[in-house]
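Survey of secondary and tertiary structure
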Amino acid sequence: MTQIMIIISILLLVLAPFGITFDEDGDDGGEKFFQCVGDMEESNRVRLYLGLDNLVVDCMLSRNTMSDIQYRNQLELFTSADLLPTVEIYNSTNTLTFTFSLRKVESAWRVNIPRMNLTINTVSAPVDEWYVEFNMFHGMSMFSSPGSMLDPLKGTLLDVAREPILQWTIGDEFLAKDIVPHLMHLVRMDVSRSPCANDVAVLAPFFPPGGHTGVILSVTRSAFTSDARWFNVTRTLCGLINEVCVSGCVGISIVDVMLTNTHLFLLTNRGLFISEDLLTPATRPLKFTLLFLPALAQMDYSSTTMWFSSQCCTDRLYFDDDIVSLINNEGEGENQNSRCVYSEYPFIKWSICRASEAELKKNARHRYLSFLHDRHQHTGLLLSYTEEGAMVSVFGTKPGSDTFHTRTKFPPVQISFVPIGVIMMSNNVILYGSEVWMSTDRGSSFKWVFTLRFSPVVDAVICSASGVVVFSTEQGHLYIMKSGQARYASLHETVALNSSLVCDHMDILTSVQLDPNSRTGIRYRTIDMNRNIKEHRMSLDRPLALQYTTDHTVLLHVHSPIENRTVAVHSHADQHANPPVLYNTFSLDHVGKVIYFSDGGMVVIKEVFLKHYFRGFDSMVSGEILLPIRAASLRDEPIQHCNLLVIRKDPNGFVVNLVVQSQDPALAFNSSHIGKTVVSPGYSSYIILSVLKGGVAVAKPTMPALIQPQTMQYKGHWLLFSAMGTEDWVMKEGSCRHALHSMDHMTSNALIRINVREELNFTFKAFMADHSVPMVYKKKFMFVMLTNPLAIRVTARHSWDYSNNHILTLTAFSHLCRKATTTVTVFIPEASLLCDSSSFTFTLQNSCPEGLSIVYQRLKPISNEEWLLGDPRDELDNKRLFDLPVNYRPPSELGVLIPTTDNIYNADPSKPRPREHYHISKNSGRFKQCAGKKTLEECGCTDHLRVSPLAINSDCRQRVHRMLYPVTKFNFSMFLRRADHPDQPLMSPYFVTVTEVNNRTSWGITFSDVTPTVTRMRRYLSTLNETLYNPKGLQISLFGSELFHFRIAVIPGVVLCDLVDEVQIYVDEAPLAFPTHYLINNMTAIILGGLLLVGFLLNYNSVSMPTKSRIQTMINKRKASVAPATTDSSTLN
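Here is a short report on the structure shown in this document.

Calculation notes
Residues numbered from 1 in each chain as written. Predicted model: local features only at pLDDT ≥ 70, side-chain atom pairs only at ≥ 80, totals over all residues. Heavy atoms only, no water. Patch = residues over 30% accessible without salt bridge, like charges linked within 9 Å, V, L, I, M, F, W, Y side chains within 5 Å. Areas by Shrake-Rupley, 256 points an atom, 1.4 Å probe, with all protein chains shown as cover. Salt bridge = Lys/Arg side-chain N within 4 Å of Asp/Glu carboxyl O. Helix = DSSP H or I, 4+ residues; strand = E, 2+ residues; numbered from the N terminus. Pairing = 2+ DSSP bridges. Axes fitted to C-alpha atoms, helices over the stretch in contact; angles between N-to-C directions. Polar contact = N/O pair within 3.5 Å; in protein donor to acceptor, adjacent residues only side chain to side chain. Contact = heavy atoms within 4.5 Å. Expected span 1.5 Å × (residues − 1). Buried < 20%, exposed > 50% of the residue type's maximum accessible area, 1.4 Å probe, protein only. Arc of directions from axis to C-beta. Core = buried A, V, L, I, M, F, W, Y, C linked by side-chain atoms within 4.5 Å. Disulfide = S-S within 2.5 Å. Phe/Tyr/Trp six-rings, centres within 6.5 Å; stacked < 30°, edge-to-face > 60°.

1. Regarding a nonpolar patch on the surface
A cluster of nonpolar side chains, contributed by Leu894, Leu897, Tyr918 and Ile920, occupies part of the molecular surface with about 390 Å² of accessible area. Looking at the secondary structure, you find Leu897 in the loop between β63 (881-883) and α9 (919-922).

2. What about the sheet that holds strand β52 (residues 719-721)?
Pairing within the open sheet is antiparallel, and its 7 strands lie in the order β51-β46-β47-β50-β49-β48-β52. The strands lining the two open edges of the sheet, one partner per strand, are β51 (710-713) and β52. Put simply, the sheet's adjacent strands are angled 35° from each other on average, direction ignored. Taken together, the 5 bridges between strand β49 (residues 686-691) and strand β50 (residues 697-701) define a ladder with antiparallel strand orientation.

3. Some points on the pattern of salt bridges
Two side chains of opposite charge can pair, provided their charged atoms sit close to one another. Counted under the stated rule, the structure contains 37 salt bridges. Overlapping salt bridges, with partners in common, bring together Arg45, Arg47, Asp199 and Asp504 in one network.

4. Regarding the side chain of His505
By the element assignment, His505 lies in the loop between β36 (500-503) and β37 (509-514). Separated by 3.3 Å, the side chain of His505 and the backbone nitrogen of Asn198 make a polar contact. Look past the residues within four positions of His505 in its chain and what remains in contact with it is Arg45, Glu129, Tyr131, Thr156, Cys196, Ala197, Asn198, Asp199 and Ala465.

5. As for helix α2 (residues 68-80)
The terminal C-alpha atoms of α2, which comprises 13 residues, lie 18 Å apart, in line with the 18 Å expected from a rise of 1.5 Å per residue. Along α2, the positions that sit buried rather than exposed are Tyr71, Gln74, Leu75 and Phe78. In an axial view of α2, the angular spread of the buried residues amounts to 100°, which keeps them on one side of the axis. Away from its buried face by more than 90 degrees, α2 exposes Ile69, Glu76 and Ser80.

6. Details of the nonpolar core
The biggest cluster of nonpolar side chains holds 44 residues, and the ones touching the most others in it are Ile415, Ile430, Leu431, Val436, Phe450, Phe471 and Met481. Other than its neighbours up to four places away in sequence, Met481 contacts Ile430, Val436, Met438, Val449, Phe450, Gly467, Val468, Val469, Phe471, Arg487 and Tyr488.

7. A few points about the sheet that holds strand β21 (residues 337-344)
Note: strands within a sheet are paired through backbone hydrogen bonds, in either parallel or antiparallel orientation. Taking strand neighbours across the sheet as the criterion, the 4 strands line up as β19-β20-β21-β22 in an open arrangement whose pairing is antiparallel. Looking at strand neighbours, the two that pair on one side only are β19 (304-308) and β22 (351-352), the edges of this open sheet. Relative to strand β20 (residues 323-330), β19 runs antiparallel, the two being bridged by 5 bridges. Residue pairing in the sheet places Trp307 in a bridge with Ser325 of β20.

8. So, the state of the cysteines
All told, the structure shown has 6 disulfides when counted by the stated rule. There is a disulfide in this structure between Cys196 and Cys312, and the S-S distance comes to 1.9 Å. Note on the Cys196 and Cys312 pair: the S-S dihedral is about 100°, so by sign convention the disulfide is right-handed. Residue Cys196 is located in the loop between β11 (188-193) and β12 (201-206), and its partner Cys312 is located in the loop between β19 and β20; the two are separated by 116 residues in the primary sequence. For Cys312, a relative accessible area of 29% translates into the label partly exposed. Two residues share a disulfide in this structure: Cys340 and Cys353, whose sulfurs sit 1.7 Å from each other.

9. Some details on the packing of aromatic side chains
The geometry of two aromatic rings is summed up by the distance between their centres and the angle between their planes. As enumerated under the stated definition, the model contains 32 aromatic pairs in all. Here Phe100 and Phe134 contribute two aromatic rings whose centre-to-centre distance is 6.1 Å and whose plane-to-plane angle is 55°, an arrangement assigned as tilted. Of the two residues, Phe100 is situated in the loop between β5 (95-99) and β6 (101-103) and Phe134 in strand β8 (residues 130-135); the sequence distance between them amounts to 34 residues. With a relative accessible area of 1%, Phe134 lands in the buried category. Ring geometry for Phe764 against Phe842: centres 6.0 Å apart, planes inclined by 25°, an arrangement best described as stacked.

10. Points about the environment of Met724
You can see Met724 is positioned in the loop between β52 and β53 (729-732). We classify Met724 as buried; its relative accessible area is 2%. Here the alpha-carbon distance between Met724 and Gly675, two residues 49 residues apart in the chain, equals 5.8 Å.

In structure tokens, the structure reads:
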């Protein structure tokens, strides 16, 4: 409570000096509460870029009209309250938060984030672009309003060091001004965005074929708002054409461009070019390959279209979901020739796509329009049409193949119009053309959304962050749809035909055009979707009759035009500036729109009835009252003070007379009342068609069956209601009345990896953001849509809290061990298109969760510091670690001195390798980390590599776990480890195999809990050529000496990743190795036996044994001395 009071006090103290104001729509009237600068460029929002260096960002308070002294006082106020800005950096899989530090010299806050804290990778790869949010009060953004102190400053962070297309030079780079001479020939432009970073895009201007412009591309990292590099690829492509074509490539022009996760496709009028893999190191200009497709030989590429369902794939396991298709249509009628081919990553093999065999038998002439791959269902969606109409066919993939079946997964769907194209969203499939249809079941059925009779849709842009689709017509008009809502809205905006729409990573819609006066050669214009939706107003040129059905629902009957109707003039300034679009009647696409009455009141349309059951009425809508409907005031219509007599003039009650019961002649109906409605709740309403002499009104009831011969409506029980046209009411998209939040603090478009047999829960809350609107008790606001219900089992449970807020709990359970994804969309169907939080989308991916691994844990753990420098001992004071000799190799089955393994431990290339006495030992043993190095320092062994037990890091392994001989029934305690989860003991069904890395055989599994499940699994998985064990109670015995290196691996089919851990054990103080130990024992036994036998024989033959005295006498016996004799020298003569 104290912290909350401090925050409230700070808000009250600081809000006034900043002078932040708000308009009636909730938009901020001033700038953001604080501003941040970093490695960014001038643009329409915050754009940060991460290179190989640290990310440094400075933030400061917005000065507005504050003086320097006031600014410093505000800064000290925040500092004294220990309030510092934070930056939250997140993408679909990770969320990180960093806190700023105060720099008093610059009077600002700074954060310095090392690159390794965000990512340790630097190689080129498709990676999610990060979102950033700068907050002064972290965790309170859900209570914010635009322009308030709690409103975070939002932007993006792009890893420019890893984004694939940014690393390459595509052809010859030139300046933007060099394209100016060609602008007069510009036909249109096409933009292809990076699937994982929508701020990165490739732009291709289209020029008429046969010219000399060539193939020109522009690459941006800021959605063309601040930078752009220009490339001329003509020379590169022509070099490939000249190799196979004698005529050369004069007049080459671009037809389409497509950027996938790994390749750049350029479709020209001379052929299809595919780039080399963008993930390879960019050490040279980008190379292309001219694809020769026999199925499309001798065709006109200028009439070919290229289709690709863009999706971000950061895991190579899912790269094969990238499928590109080409469709060529030439000729008409009998000369029609339509061909379709497709290929998946790495785009080497191309296959033919065609209608099903059954459909081809009915009509062999199919004109193919589009072919897209659905990564959720692993199906192909083919759009085609014949003389009988258009159809959508869905084909499943063949088991174990990358091609599709020739039979459809379910019967083709017939479409009543000819679509131009199709787009595949994460949760919807949308067809567009003169009409727009939507499928929520991945192509099994389609639902009509709206019709454009005079200007069909020709292109569509997906804003993936919010699930918005923007349609552009051939006249440049824009319309939008939102995820999960079968409704649309006009953006009340027109774009140039030679421009292109770009929706960046934050779903900011811009229109880009070539501009010779711009530094980058491109001019952009931001299109505010919400503001344009509000400005689109509609109405009918005929009156409405209001009929109450309940206290909060009404019927609005549309009457045919009434003659002699007097039109009142209302002074609404906005009507003159923005007149509404007039319709003759309501249509189905008006469901969800809100009717605003000029006298007061709002009604949201729930259902539209195109035909009325009474003559004179054209159509009818049912609606829910959002704001009580006000009738004319008593001052303007004093006749409401009187009683009203209703007289039936027709036996069927189709016509009545209305007579005001008053003696005053002025209190009677007149011509100004024609078209107005008399409303009496609980009774029929009456729309006035004419007025007779004497002030009697002729009216038509909305419910004739309730009309009595005479009915008296007393004053206070009836009202006079006016809805005669644009002067009385308009229809537009209503303001946002709903909100949806994740109770688990999950970000929208998150990627959740779920493990096999894992269960996850997700909770969402929906509530009314506008509390003035009456609420229905226990109303279900939220609905759930799945793209692949069979992939992961998802169940929903609805509940309500004490405030009548709708709570939805989703439980996801992964029951299949196979690669699969499903996108879950939680949405409020009745929410306004102006709501920013009316839907929530996340993807469940049946795959290996991030950070999942198995680890071996000792009963008494050894820390990394002890592994590197310590001397840990057990309870008997025995050393627990053993220092391996330099260039050590463990024994083999041939003997201790004959190592045969390729693994070298504690490697040092500058020192000799021991135990190389035999040829087999000399030819084995390979350095890994130290390969090609001359000294130990060049090996680059880090502390992380020195403590790693993996065989791949054996060069750096210096110390291993030491155990004393004998090692029997040693417990392998294996645990399942996952980030942000407690370690769990490894048990069934995570069965494991155990192998000795160095091929030693003097060991064995002495115990494993063999259950019936283990027995069955051993029988089913006999093809593994290895014995599987239950990790529960796994025990091992070691019969040899020195180093044993075991690899424990979970069997395949249990989890969608390789779970492996390795354990190293050094058996010390073991007996001598075979056969030395046996030879010594035998020789000792023989000698002892011989001595005993000699003693026995001597004793048996009564040979006295020498005594001690005799032995001493023998030793001390005087020996004879020998010396030369002395002679006289004369004698010798």
